[in-house]
Amino acid sequence: MDVINENIPIFARIAEGIKDHILAGDIKEGEQLTSTTQISKEYNINIATVNKGINVLVSEGVVFKKRGIGMFVADGAVKKLIEERRKVFKERYIAGTLQEAKRLRYTVEELQKMVAEVYAEDHNDPPAEA
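These lines cover the structure that appears in this document, whether it is placed above or below.

Here is what the cut-offs are and how they apply
Residues numbered from 1 in each chain as written. Predicted model: local features only at pLDDT ≥ 70, side-chain atom pairs only at ≥ 80, totals over all residues. Heavy atoms only, no water. Pairing = 2+ DSSP bridges. Helix = DSSP H or I, 4+ residues; strand = E, 2+ residues; numbered from the N terminus. Axes fitted to C-alpha atoms, helices over the stretch in contact; angles between N-to-C directions. Parallel < 35°, antiparallel > 145°, perpendicular 65-115°, else oblique. Left-handed = near helix turned anticlockwise from the far one by under 90°. Contact = heavy atoms within 4.5 Å. Nonpolar A, V, L, I, M, F, W, Y, C, P; charged D, E, K, R; others polar. Phe/Tyr/Trp six-rings, centres within 6.5 Å; stacked < 30°, edge-to-face > 60°. Buried < 20%, exposed > 50% of the residue type's maximum accessible area, 1.4 Å probe, protein only. Lys NZ or Arg CZ within 6 Å of the ring centre and 35° of its normal.

1. Describing the pairing of strand β1 (residues 63–66)
So, step 1. Pairing of β1 with strand β2 (residues 70–73) involves four bridges; the strand directions are antiparallel. By the bridge assignment for β2, Lys66 is matched with Gly70.
So, step 2. The turn linking β1 back onto β2 is made up of three residues, and Gly68 within it adopts a positive phi angle of 80 degrees.

2. Considering the packing of helix α1 (residues 10–24) against helix α3 (residues 47–59)
So, step 1. Interhelical geometry of α1 versus α3 gives an angle of 50 degrees and a closest axis separation of 8 Å. The orientation of α1 with respect to α3, classified from their angle, is oblique. Crossing of α1 against α3: the hand is right-handed. Together, Ile10, Phe11, Ile14, Ala15, Ile18 and Lys19 of α1 and Thr49, Val50, Lys52, Gly53, Ile54, Val56 and Leu57 of α3 make up the contact between the two elements.
So, step 2. Of the residues contributing to the contact of α1 with α3, the split by class is nine nonpolar, two polar and two charged.

3. Details of the packing of aromatic side chains
So, step 1. Counting across every chain of the model gives two aromatic pairs.
So, step 2. Aromatic pair Phe64 and Phe72: ring centres 6.0 Å apart, planes at 25 degrees, arrangement stacked.
So, step 3. Among the residues examined, Phe64 registers a relative accessible area of 33% and is labelled partly exposed.
So, step 4. Measuring from centroid to centroid gives 5.5 Å for Phe89 and Tyr93, while their planes differ by 45 degrees, and the two rings are tilted. In this pair, Phe89 and Tyr93 both sit in helix α4 (residues 77–103), four residues apart, roughly one turn of the helix.
So, step 5. What makes Phe89 partly exposed here is its relative accessible area of 46%.
So, step 6. The exposure class assigned to Tyr93 is partly exposed, which follows from its relative accessible area of 45%.
So, step 7. Taking NZ or CZ as reference, Lys52 lies 4.3 Å from the ring centre of Phe11, over its face.

By themselves, these figures tell us nothing about what the structure is for.
What follows is the structure in structure tokens.
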């Protein structure tokens, strides 16, 4: 959980941190989340704030409550989170990058080659042919 980033409210950081754990596979669909009391104690955060973060996830359909038992990751949560993050990725990173690429007069082919090279470097794979 990114409790250091002070640009967003704590409850939103809690929700995003749990989403990150779900996407990373640390918490699987159908598995129970750490209790709000444990999260509150571990990060020294008011339990009402933790509950607010969890409620965000409930309203988004990422987790659900089993009364008297706890919170669980919903079926389909990973797919939902990937779709959400891909949309944000496109809007936040790709659109701005393409604007700068156009100013620098990159062709689509040059961009594809560049992306393939960087991807290969990051994954220790030989670059793919464009």
